[in-house]
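For reference, the chains in residue letters:
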Amino acid sequence: MVKRQLPNPSEIFELLHFKTPELNPRRRRLDAALTTWDLRKIAKRRTPAAAFDYTDGAAEGEISLRRARQAFRDIEFHPDILRPAIDVDTSCEILGGRSSMPFGIAPTGFTRLMQTEGEVAGAGAAGAAGIPFTLSTLGTTSIEDVKAANPHGRNWFQLYVMRQREISYGLVERAEKAGFDTLMFTVDTPVAGARLRDKRNGFSIPPQITAGTVLNAIPRPWWWFDFLTTPKLEFASLRTTGGTVGQLLDSAMDPTISYEDLEVIRSMWSGKIVIKGVQNIPDAKRLLDLGVDGILLSNHGGRQLDRAPVPFRLLPELVRDVGSHATIMIDTGIMNGADIVAATALGATFSVIGRAYLYGLMAGGREGVDRMIEILSDEVIRTMKLLGVSSLDELEPRQFSFNSPWGACPSCTGLGTQLEVDPALVVPDETLSLAAGAIAPWASAMVKRHYDHVFEAMAATEGFSVDTPWEELPSTVRGFILKGHDDPVYVTFRNRFGRVRTYTQKYEGVLPYVRRRYDEAETDAARDRWGAYLREIP
C-alpha cells in the first residue's frame, strides 16, 4: 500500500524554477528553434511567399531536391561503444586554411531579398564562427562590403562566366584584390532551370507591387518596411557594369562556357580554385587531372536540371576512384549536422550550406544565421560523440550504411531509396519470376530482374538506361546486378484504382541465377546455352 503524506511546502518551493522572460521577440523565437526545420517554419511565417519560395523551391517537379534530402534521411549510423569522445575536434583544413567546422556557407543570389541584412549577416556570422563564407556573382552585397563585414575571416567568391567575359574577368580581379582566397568556378548553369514556384508566384527582381503582393504583405509589414527603407536591391558587384537586373541575370547564363574559359580564369587567379556543379565521375576525374584545387559535387540545390544526380550518392564512387587525397566538397539537401558527419565519413572534405543558411537569415537576420550555425555545429558535435569519435579523421565509411532497399548490401551502398514508379511501368503480376526474365540489351547474360518496372525504376534513379554499355554502368550498379543480395527490393506504385501498393521481392542476381540455371539444365542444349551465358558474364 502506498504511504501518503501532506505536501511539504519547502520541497514544493525547491521544484519551482521561473525562467526570466525573454522580451526580445526575435531572440525569443530563435531560442525556440531547435532544428533548421524550425528555422524554416519561422522563415515561412515572416517572409512573403515569392521570396520564401525562391529559396525553398527547386526546378520543375523538385525531384532532385527531394531525392537529395531523402538520401540523407536514409543514413543508418553504426556507433562504436566504450570509446570515450569527451573533447571533440571539429576543425579541418580546407583549401589552404582552417575551418572550425567541416561546413561553410554556400553562395546564394538575391540574398537581401530574403532579409534585408543579406550577405553582411552571413559573412559576419561565418567570420564569428570561424567558417568560410561564399559570395555569389549575383549577390546583393558587393565584394568590398563583404570583405568589410568579414575582415579577418575566410571569404570565397563564386563566379559565373558571363556572356560578356570582361565582366567576369573584372570580378575575378576585384575578388583577388579584396583578399578572397578561393574562387568557385560554376559550371552547371548554361541556361536557367525552370523554377515553377517562381513563375506561379510572379516572382521578379526587384519585387513588383501588385494586388497579390499587397495581400501577401498584410501579415508581414516588417519585410516591406525593411525593403522600402534600405538601399535598392541590385546585384551589388555588378553595379558599375550597366544594364537592368533582368539583363544582367540573362547574361550570367552562357551555354558556350568551356574548358578554355577555365584556363583563362585560372591564369588570372592566384588563389585556390574549385569547380562547382560537377555531376559525374568522368568530369570530376578530368578536372582533377587538370590540376584544379577542388571539386564541389553539386546539382545547384536541385534548382537547375531536375532529376540530376544526388551529390551525396556520387560521393563514395568518386572517393573510391580518385582517393582521399583530393579535395571533394558537397552540397544539396543538408539540413542536419548528422548529414555533414555522414558526408565526411564517406570522404567529403567539406560541405557547404545554402538553404539552411537562408532559412536562418529569414528567421532572424544576423542572429538567425548565428542560430543556424549553432544548431548545425551542436548536431555535428553530438553525432560525433554518439559515434565514439573525437576528430573528423576518425570518421570512416564503416560507421554508417543506407537504410534503404538498394543500400542493404555492401556492393550497392548508396544506390537509392524506396522508389516511386510511374504507373505505366507497373505490371503487378505476382506469378512472374526471375526465371521468366529477359536478357538485358547491354549483354546477353544480363538478365532483367523480376519485373521490368523494378529495373526501369532503378535505371531512372541511377541515371542509366537499358541502352547504356555495360562498361559505362556505375560499378555499384554492376555489382548489384551481378551479385544480387538477400534483402527485399521495394517498389511503390499507385494502381489504377488510386491505391498505393508496395511490392516486395528478393533479387537473386545475374551470376547466381545463371549458375543455378546451368546446374539445373536437363539437356545438353540447355547446359550449353547457360554455359555460354556464364562465360559471357564480365
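This text goes with the structure placed above it.
Note that the coordinates shown come from a computational prediction; the quantities given were computed from them, not determined experimentally.

(A) Up close: the overall build of the protein chain. From N to C terminus, the protein chain includes 22 helices and 15 strands. Put simply, the protein chain has 538 residues, and 52% of those count as buried. Within the protein chain, contacts between residues separated by at least 24 positions form 71% of all contacts whose residues are at least 6 apart in sequence. For the protein chain, the exposed surface amounts to about 25,400 Å²; the carbon and sulfur share of it is 53%.

(B) Main features of the packing of aromatic side chains. For the structure shown, the criterion picks out eleven aromatic pairs. Measuring from centroid to centroid gives 4.9 Å for tryptophan 223 and tryptophan 224, while their planes differ by 80°, and the two rings are edge-to-face. Relative to phenylalanine 227, the ring of tryptophan 223 lies with its centre 5.4 Å away and its plane at 10°, an arrangement referred to as stacked. A residue pair is termed a helical-turn pair when its members lie 3 or 4 positions apart in one helix, as tryptophan 223 and phenylalanine 227 do in helix H12 (residues 221-228) at four residues. Taking relative accessible area as the criterion, tryptophan 223 reaches 8% and is therefore assigned buried. Among the aromatic residues, those joined into a ring-pair cluster are Tyr54, Phe110 and Phe235. The cationic tip of arginine 286 hangs over the ring face of tyrosine 259; the distance from NZ or CZ to the ring centre is 3.6 Å. Against the face of tyrosine 54 rests arginine 303, its NZ or CZ located 4.6 Å from the ring centre.

(C) How the structure looks around the packing of helix H3 (residues 36-46) against helix H18 (residues 355-387). At their nearest, the axes of H3 and H18 sit 10 Å apart, and the two run at 170° to each other. In terms of axis orientation, H3 runs roughly antiparallel to H18. Where H3 abuts H18, its residues Thr36, Leu39, Arg40, Ile42, Ala43 and Arg46 lie against Ala356, Tyr359, Gly360, Met362, Ala363, Gly368, Arg371, Met372, Ile375 and Leu376. In terms of residue class, the contact of H3 with H18 is built from ten nonpolar, three polar and three charged.

(D) Spotlight on the pairing of strand S5 (residues 133-136). Residues of S5 alternate between two faces, with Phe133 and Leu135 on one and Thr134 and Ser136 on the opposite face, all of them buried. Here four bridges tie S5 to strand S6 (residues 155-159), and the two strands are oriented parallel to one another. Bridging from a neighbouring strand, leucine 135 pairs with phenylalanine 157 of S6. Following the backbone out of S5, through helix H8 (residues 143-149) and into the adjacent parallel S6, one traces a crossover that is right-handed.

(E) Region of the structure containing a nonpolar patch on the surface. Among the surface-exposed residues, Ile12, Phe13, Leu16 and Phe18 lie close enough to one another that they form a single nonpolar patch of about 490 Å² accessible area. You can call leucine 16 partly exposed: its relative accessible area is 42%.

(F) Fine view of the nonpolar core. By size, the foremost hydrophobic cluster in this structure holds 113 residues, and its most contacted members are Phe312, Leu315 and Met329. Looking at which element gives the most residues to this core, the answer is H18, with 15 residues.

(G) The environment of valine 369, seen in detail. By the element assignment, valine 369 lies in helix H18. For the pair valine 369 and leucine 358, spaced eleven residues apart in the sequence, the C-alpha separation amounts to 7.7 Å. When near neighbours in sequence (up to four residues on either side) are disregarded, valine 369 contacts Ile105, Ala121, Gly122, Ala125, Tyr357, Gly360 and Leu361.

(H) Focus on the packing of helix H15 (residues 281-289) against helix H16 (residues 311-322). Axis separation between H15 and H16 bottoms out at 10 Å; the angle between their running directions is 40°. As judged from the angle between their axes, H15 and H16 are oblique. Relative to H16, H15 is oriented so that their crossing is right-handed. The residues of H16 that touch H15, namely those facing Ile281, Ala284, Lys285 and Leu288, are Leu314, Glu317, Leu318, Asp321 and Val322. Class assignment for the residues of the contact of H15 with H16 results in six nonpolar, no polar and three charged.

(I) View of H3. Listing the buried residues of H3 in full gives Thr36, Leu39, Arg40, Ile42 and Ala43. Within H3, the buried residues cover an arc of 165° as seen down the axis, which keeps them to one side. Every exposed residue of H3 that faces more than 90 degrees away from the buried side is listed here: Lys41 and Arg45. Against the buried residues of H3 lie helix H2 (25-31), helix H4 (49-56) and H18. Taking the backbone nitrogen of tryptophan 37 as reference, a side-chain oxygen 3.3 Å away marks threonine 35 as the first, capping residue of H3.

What counts, and at which threshold
- Residues numbered from 1 in each chain as written.
- Predicted model: local features only at pLDDT ≥ 70, side-chain atom pairs only at ≥ 80, totals over all residues.
- Heavy atoms only, no water.
- Helix = DSSP H or I, 4+ residues; strand = E, 2+ residues; numbered from the N terminus.
- Buried < 20%, exposed > 50% of the residue type's maximum accessible area, 1.4 Å probe, protein only.
- Contact = heavy atoms within 4.5 Å.
- Areas by Shrake-Rupley, 256 points an atom, 1.4 Å probe, with all protein chains shown as cover.
- Phe/Tyr/Trp six-rings, centres within 6.5 Å; stacked < 30°, edge-to-face > 60°.
- Lys NZ or Arg CZ within 6 Å of the ring centre and 35° of its normal.
- Axes fitted to C-alpha atoms, helices over the stretch in contact; angles between N-to-C directions.
- Parallel < 35°, antiparallel > 145°, perpendicular 65-115°, else oblique.
- Nonpolar A, V, L, I, M, F, W, Y, C, P; charged D, E, K, R; others polar.
- Pairing = 2+ DSSP bridges.
- Right-handed = clockwise from strand over helix to strand, strands pointing away.
- Patch = residues over 30% accessible without salt bridge, like charges linked within 9 Å, V, L, I, M, F, W, Y side chains within 5 Å.
- Salt bridge = Lys/Arg side-chain N within 4 Å of Asp/Glu carboxyl O.
- Core = buried A, V, L, I, M, F, W, Y, C linked by side-chain atoms within 4.5 Å.
- Left-handed = near helix turned anticlockwise from the far one by under 90°.
- Arc of directions from axis to C-beta.
- Polar contact = N/O pair within 3.5 Å; in protein donor to acceptor, adjacent residues only side chain to side chain.

In short, geometric facts, not functional conclusions.
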